[in-house]
Amino acid sequence: MSVPLALLVRLPVGDRRSFLARQLRVVVAVASIGLFGLFAVAPPASADGGGETNEGYLLVQQALGHLAHDTSSGGIDLAMEKVEDALATEDQDGVAVADVEQAERALEAGRAGHARALLQGSIRQALSELGLATGEQTGTTVVAPPLPGREALTGRDWGFLAASMVFLLAGMGLALRFRPRDTIGELRQRLGASRTAVDDRAGSPTEVEREI
Amino acid sequence: MPTVRNEASVEAHRTSRTRKIIDVIDDRLGIKALEYPVPEHANNLAWSLGGVTAAAFGLLIVTGVLLVQFYSPVPESANQSIRDMVTQVWGMGFVRALHFWAAQAMYVTAVLHLLRVFLTGSYKRPREGNWLVGVAMLGLVILALFTGTVLKWDQEGFEALEHNLEIGQLLGGAGIWFSPEFADRLPILVRLYGAHVVIIPGLILVLVTLHGLLVKRHKISPHPSLPTDSSGDQAPAEEPTEPFTHHLRRIGAFGLALTGMLGILAVLLPPAVGPAPVAGLEITKPPWSFWWMFTLENWFGLSGILYGGGALFLLLAILPFVDRSPNRLWTRRPVAMALGLLTLLLILVLTILMGFTETTTHLEMLG
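Attention in this report is confined to the structure presented alongside it.

1. Remarks on the overall build of chain A
Reasoning step 1: The helix and strand inventory of chain A stands at 10 helices and zero strands.
Reasoning step 2: Of the regular secondary structure in chain A, the N- to C-terminal order runs α-α-α-α-α-α-α-α-α-α.

Put into structure tokens, the structure is as follows:
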């Protein structure tokens with residue numbers, strides 16, 4: 001298998017290529033087996049990573065998450081489920097249960113904004129007891145509503161817009177000015193019909209190919 | 001007439017002065033080495049897409065450097081720091097939006113570049129190695145998109161992270177870096193931030209350099225509808241050439257136009273910032289570039305993402321070693337074209353199907 005470099009250099013070009021091709025195949029095969037082995041000996045995926053939480057403050061946060069993402073009746077229903085779970089769970093450490101009950105009533109009345117404020121306040125103590133987030137912990141304390149992408153255009157926005165348009169037009173103008181002298185069709189004509197592409201002996205290229 | 005002569009003389013003087021400056025710089029930095037000839041067809045837009053991708057990457061680095069001045073990569077304040085920079089720091093809303101759109105542009109142009117290389121058979125001998133470098137860079141671009149999504153630290157970003165962590169578990173030992181246990185005293189957000197701003201762009205820079213050097217080594221591949229030289233893998237000597245600096249010049253022009261286009265998008269369609277994440281929820285859809293995987297996940301579970309993504313990259317990696325004929329014209333490569341079209345159609349259909357797919361829970365996280 002192993003050929004000294006000096007010998008390899010002396011081999012004819014064809015032999016050298018086939019030798020290198022063989023080597024490449026061996027490398028690919030070894031790498032594939034190695035990767036397969038790595039996956040094969042690795043521990044299987046965890047199947048018990050989670051399930052329903054029974055932490056009251058987290059259930060309240062989940063209700064807040066639903067309310068922040070979806071203010072429709074669907075979102076309120078999902079939030080309501082989480083609030084009910086929070087009220088039913090045994091682990092209510094750091095949760096002001098009275099506020100959660102009040103929030104439940106507010107949700108029933110369709111006052112999502114009021115419910116959100118009550119829920120956020122109800123877990124203040126639980127959040128104050130959390131340490132700094134590690135691993136995949138969220139570190140979230142306040143679940144604020146989304147910040148919209150765009151509002152009405154300001155003078156600054158118009159400035160950026162104008163500058164961007166100048167860039168676009170200048171770029172397009174320069175690209176046009178620096179375009180190649182010949183199109184592919186012209187190049188084909190210049191290079192002559194007598195010579196044909198290596199793999200184009202069956203016929204002339206189509207329009208699509210000319211555009212490339 | 002004297003006026004015309006004077007103008008010509010001034011122009012000649014200016015040109016000679018520019019030439020002198022270039023000579024002075026060349027003496028010290030050897031920049032004229034970039035003036036090597038490239039075939040004329042290389043200056044077409046389709047053959048400049050790699051350069052346009054590099055221009056988008058440059059824009060990402062510039063805007064990224066500005067963003068890191070105001071972004072806090074710790075879970076407690078990451079989401080709020082983005083809100084603060086967008087609403088309180090002059091111009092940073094635009095910079096963030098430009099970064100977002102440049103990322104989309106880099107992904108799109110990288111894919112278009114790959115499709116052009118596939119369509120024109122430019123991955124064939126002796127350019128197989130460079131094809132693999134390109135495929136690796138596409139993988140890094142996708143990783144950059146993923147880590148960038150997580151850094152927003154909103155519900156969408158957090159759910160992306162949770163998917164990634166569980167896929168890391170599916171990978172077993174190979175996915176150890178993606179587990180929180182790898183460095184359990186640190187938030188994983190900090191490690192992903194390091195990956196996003198140092199590891200991934202650093203690797204892309206290394207591979208871009210290698211990519212460019214290999215293009216220079218093997219020369220620009222011949223156009224499939226033009227004659228080739230006797231070896232069959234180079235443009236013929238008769239094809240007109242232009243200095244590589246002209247190629248760079250045109251890429252610069254495309255880059256300028258791209259910057260303008262992305263600037264317009266950044267003003268008119270800036271990205272929103274979602275609510276800070278809550279554990280145990282799975283209520284968002286991923287960014288559009290991952291939609292096809294999202295549909296697979298809905299059909300086959302989390303492993304669908306792993307096997308779908310793995311299959312795509314395996315296909316890309318083995319392509320030049322399976323399609324070994326010297327034919328470059330697409331009409332002469334029916335099998336490769338059919339497979340390519342099938343793959344593309346599959347990804348498109350899966351992407352469109354996402355629009356009709358409800359978000360359902362796949363994660364094992366607390367819910």
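Having put the structure on the table, let's press on.
2. With respect to helix α6 (residues 155–170) of chain B
All names here are of chain B.
Reasoning step 1: Between its terminal C-alpha atoms α6 stretches 23 Å, which fits the 22 Å expected from 16 residues at 1.5 Å a residue.
Reasoning step 2: Of all the 16 residues making up α6, 13 are buried; the element is thus mostly covered by neighbouring parts of the structure.
Reasoning step 3: Once α6 finishes, G172 follows within two positions and takes phi at roughly 65 degrees, a positive value.

3. Some details on the interface of chain A and chain B
Reasoning step 1: Between chain A and chain B, the residue contacts involve 68 residues of the former and 79 residues of the latter.
Reasoning step 2: Among the elements of the structure, α2 (13–41), α3 (56–69), α8 (155–177), α9 (184–191) and α10 (207–211) of chain A are those that each provide at least two residues to the side of chain A that touches chain B.
Reasoning step 3: Looking at which element gives the most residues to the side of chain A that touches chain B, the answer is α8(A), with 13 residues.
Reasoning step 4: Classifying every residue of the side of chain A that touches chain B gives 37 nonpolar, 19 polar and 12 charged.

4. Here's the deal with the packing of helix α5 (residues 97–108) of chain A against helix α6 (residues 112–122) of chain A
Residues and elements named next belong to chain A.
Reasoning step 1: The N-to-C vectors of α5 and α6 enclose an angle of 165 degrees; their axes lie 8 Å apart at closest approach. Here α5 is positioned roughly antiparallel relative to α6, judged by the angle of their axes. Note that α5 runs across α6; the crossing there is left-handed. Facing D99, V100, Q102, A103, A106 and L107 of α5, the residues of α6 in contact are A112, H114, A115, L118, L119, G121 and S122.
Reasoning step 2: The class makeup of the residues in the contact of α5 with α6 is eight nonpolar, four polar and one charged.

5. Focus on the packing of helix α5 (residues 128–151) of chain B against helix α7 (residues 188–218) of chain B
Residue and element names in this part refer to chain B.
Reasoning step 1: Interhelical geometry of α5 versus α7 gives an angle of 160 degrees and a closest axis separation of 9 Å. Relative to α7, α5 is oriented roughly antiparallel. As α5 runs across α7, the sense of the crossing is left-handed.
Reasoning step 2: Grouping the constituent residues of the contact of α5 with α7 by class yields 19 nonpolar, eight polar and no charged.

Cut-offs applied
- Residues numbered from 1 in each chain as written.
- Chains lettered and ligands numbered in written order.
- Predicted model: local features only at pLDDT ≥ 70, side-chain atom pairs only at ≥ 80, totals over all residues.
- Helix = DSSP H or I, 4+ residues; strand = E, 2+ residues; numbered from the N terminus.
- Expected span 1.5 Å × (residues − 1).
- Buried ≥ 20, exposed ≤ 12 C-beta atoms within 10 Å, placed from the backbone.
- Contact = placed C-beta atoms within 7 Å.
- Nonpolar A, V, L, I, M, F, W, Y, C, P; charged D, E, K, R; others polar.
- Axes fitted to C-alpha atoms, helices over the stretch in contact; angles between N-to-C directions.
- Parallel < 35°, antiparallel > 145°, perpendicular 65-115°, else oblique.
- Left-handed = near helix turned anticlockwise from the far one by under 90°.

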